[in-house]
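The residues making up each chain are set out below.
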Amino acid sequence: MQVYVDGQFMPAEDARISVFDHGFLYGDGIFEGIRVYDGTIFRLHQHMQRLYNSAQCLLLTIPLSPPDMSAAIVETVTRRGLPNQYVRVVVSRGAGDLGLDPRLCRRPSVVIIADTITLYPAHFYTNGLELVTVATRRTPTWALDPRIKSLNYLNNILAKLEAQQAGVLEAVMLNGEGYVAECTADNIFFVRHGQLYTPSTAAGALQGVTRDSVLEVAQALGLPATEGFFTRYDLYTADECFMTGTGAEIIPVVRIDGRTIGAGCPGPLTAQLRQGFETLCHRDGVHVSLHATCGALA
Ligand code: PMP
């Protein structure tokens, strides 16, 4: 596997970042997870927008222009050569000294890893997943806007550990006021009476690329969708529920805090949205000609 580190491609085992990198020392950095479906980089433009918006908020100057960053991602994907991939892009503040001061970090580090991903075994997609609500809250929007996709995931990791200790794989995270925000690395949706609902970014949800895609698919299907503030009551009494994310895609949820959701199996609107999303995945993105360029770069 070839990994891009600061302008150079190298085998994964040779890829190195300084121990003085503030991404490592302080979580000072941002990232994106991107999927490649059949040689098409899904919604690369939207991921680039989110990455550069996150950088803008952190006063982090990415040392590549958006077209150069896109080109570096395309080349990493091309070198990996697989039709289906998961790409991780990380931009950290770079190496500085042991103090917080970001001005002492001379150049942000850029890492691009192209690999594969399987977040959940296939049977969860057919049978659905169980969630529990955990005590660890989503970072409040007034402390750190959830639209910044930063390297600070401790709340989410603690939430994931709580879920695992409760014997399930995923957690529902609430915000400081008790409204549903999202899961640990996925957005959450529910269906009631033929309408779709998902927590607003103001409630603490990341503006997921998959979330946006699902909202678009819903619109195309004529399914009314509302972003807002919802409590666990809304989840418990929903007809259907599912999570969305680049890694997990759309995964049905059938039990939350011991309550069976709807009929206790993946619902029909979830299935319709999954189908629509699958069509979108193969249509929407930047196509990489893996076979044409693979040989040249090998
Ligand atoms: N919420 C969080 C906290 C995430 O980290 C992610 C991405 N893994 C998502 C939601 C889903 O976003 P996307 O659909 O862009 O992957």
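Every chain begins its residue count from 1, and numbering advances along the sequence as written. Totals for whole chains, interfaces and linings use all residues, but because this is a predicted model, local features are given only for residues with pLDDT of at least 70 and pairs of side-chain atoms are given and counted only at 80 or more. Side-chain measures were taken over the full set of non-hydrogen atoms in the model, leaving aside hydrogen atoms and water.

**Here we look at the overall build of the protein chain**
Where we set the bar: By definition, any uninterrupted DSSP run of H or I lasting at least four residues is a helix, any uninterrupted run of E lasting at least two residues is a strand, and each is numbered from the N terminus. This radius of gyration counts C-alpha atoms alone. The globule rule is 2.2 Å times how many residues there are, raised to the power 0.38. Each residue's exposure class comes from its accessible area (1.4 Å probe, protein chains only) as a fraction of the maximum for that residue type: buried when under 20%, exposed when over 50%, partly exposed otherwise. Should any heavy atoms of two residues lie within 4.5 Å, those residues are counted as being in contact.
Tallying secondary structure elements over the protein chain gives 9 helices and 16 strands in all. The C-alpha atoms of the protein chain give a radius of gyration of 20 Å, which matches the 19 Å a tight globule of 298 residues would have. Structurally, the protein chain occupies a C-alpha span of about 50 × 45 × 30 Å along its principal axes. Here the protein chain holds 298 residues, and 50% of them are scored as buried. Long-range contacts, defined here as pairs at least 24 residues apart, represent 71% of the contacts in the protein chain between residues at least 6 apart.

**Some remarks on the domain arrangement of the protein chain**
For clarity, the cut-off: An automatic or database domain assignment supplies the start and end points of every domain. What gets called buried area is simply the loss in accessible area from a 1.4 Å probe that two parts show on being joined, summed for both.
Splitting the protein chain by domain gives domain 1 (2–117) and domain 2 (122–281). Relative placement of domain 1 and domain 2: their C-alpha centres are 26 Å apart. Taken together, the contact between domain 1 and domain 2 spans 24 residues of the former and 20 residues of the latter. Carbon and sulfur atoms supply 61% of the area buried between domain 1 and domain 2, which totals about 1700 Å² over both sides.

**Some details on unusual backbone geometry**
Backbone geometry at glutamate 249 places phi at a positive 65°, although glycine is not the residue there. Structurally, glutamate 249 is set in strand 14 (residues 249–256).

**Considering the site of the ligand**
In plain terms, the rule: In this text, near means that some heavy atom of the residue lies within 4 Å of the molecule or strand in question. Pairs of N or O atoms are called polar contacts if they sit within 3.5 Å, as long as, within protein, a hydrogen donor faces a hydrogen acceptor (for residues adjacent in sequence, only side-chain-to-side-chain pairs). The pocket and cavity definitions rest on a 1 Å grid over protein atoms only: a 1.4 Å probe that fits but cannot leave marks a cavity, an open set with protein on both sides within 12 Å along at least five of seven lines marks a pocket, and residues lining either have an atom within 4 Å of a point. Those molecules having more than half of their atoms within 2 Å of a cavity or pocket grid point set are described as sitting in that cavity or pocket. Lys, Arg, Asp and Glu make up the charged group, whereas Ala, Val, Leu, Ile, Met, Phe, Trp, Tyr, Cys and Pro make up the nonpolar group; the residues left over, Gly among them, are polar.
What surrounds the ligand is a group of 17 residues, the closest being Tyr153, Glu182, Val209, Thr210 and Thr246. In this structure, tyrosine 153 approaches the ligand through a side-chain N or O atom, which is 2.4 Å from an oxygen atom. Between the ligand and threonine 210 there is a distance of 2.5 Å, counted from an oxygen atom to a side-chain nitrogen or oxygen. Placement of the ligand is best described as lying within the largest pocket. Mapped by element, the contributors of at least two residues to the shell around the ligand are helix 6 (209–221) and strand 13 (240–245). Residues that form the shell around the ligand fall into these classes: 4 nonpolar, 8 polar and 5 charged.

**What to know about the environment of valine 110**
Mapped onto the elements of the fold, valine 110 is located in strand 6 (residues 109–115). Through-space distance from the C-alpha of valine 110 to that of glutamate 216 is 31 Å; in sequence the pair is 106 residues apart. With residues up to four places along the chain from it excluded, the contact list for valine 110 reads Tyr4, Val5, Asp6, Pro63, Leu64, Met69, Val90 and Val91.

**Brief notes about the environment of threonine 61**
With respect to the helices and strands, the residue threonine 61 is situated in the loop between helix 2 (44–57) and helix 3 (66–80). Classification of threonine 61 as exposed rests on a relative accessible area of 62%. Between the alpha carbons of threonine 61 and arginine 232 there is a distance of 40 Å; along the sequence they are 171 residues apart.

**A short note on the layout of surface pockets**
Heads up, the condition is: Grid points are joined across faces, edges and corners, and a volume is the space filled by probe spheres set on the points.
The space that makes up the largest pocket amounts to roughly 570 Å³. Lining of the largest pocket is provided by 33 residues; of these, Phe31, Tyr86, Arg88, Lys149 and Ala185 occupy positions nearest its centre. Listing elements by their share of the lining of the largest pocket, those giving two or more residues are strand 3 (29–37), strand 5 (85–92), helix 5 (154–165), helix 6 and strand 13. For the lining of the largest pocket, a count of residues per class yields 13 nonpolar, 11 polar and 9 charged. Roughly 280 Å³ of internal volume is contained in the second largest pocket. For the lining of the second largest pocket, the elements supplying multiple residues, two or more each, are helix 2 and helix 6.

**Quick word on the nonpolar core**
The condition is simple: Among the buried residues, those of types Ala, Val, Leu, Ile, Met, Phe, Trp, Tyr and Cys that are joined through side-chain atoms within 4.5 Å form a nonpolar core.
Residues Leu51, Ile62, Met69, Ile73, Val87 and Ile112 are the most contacted members of the largest nonpolar core, which totals 25 residues. Counting only elements with at least two residues in this core, the list comes to strand 3, helix 2, helix 3, strand 5 and strand 6. Counting residues per element, this core draws most heavily on helix 2, at 5 residues. Those residues in contact with leucine 51 that lie beyond four places of it in its chain are Ile30, Phe31, Glu32, Ile62, Met69, Val89 and Val91. Listed in part, the 23 residues of the second largest apolar core include Phe124, Leu174, Leu235 and Met243.

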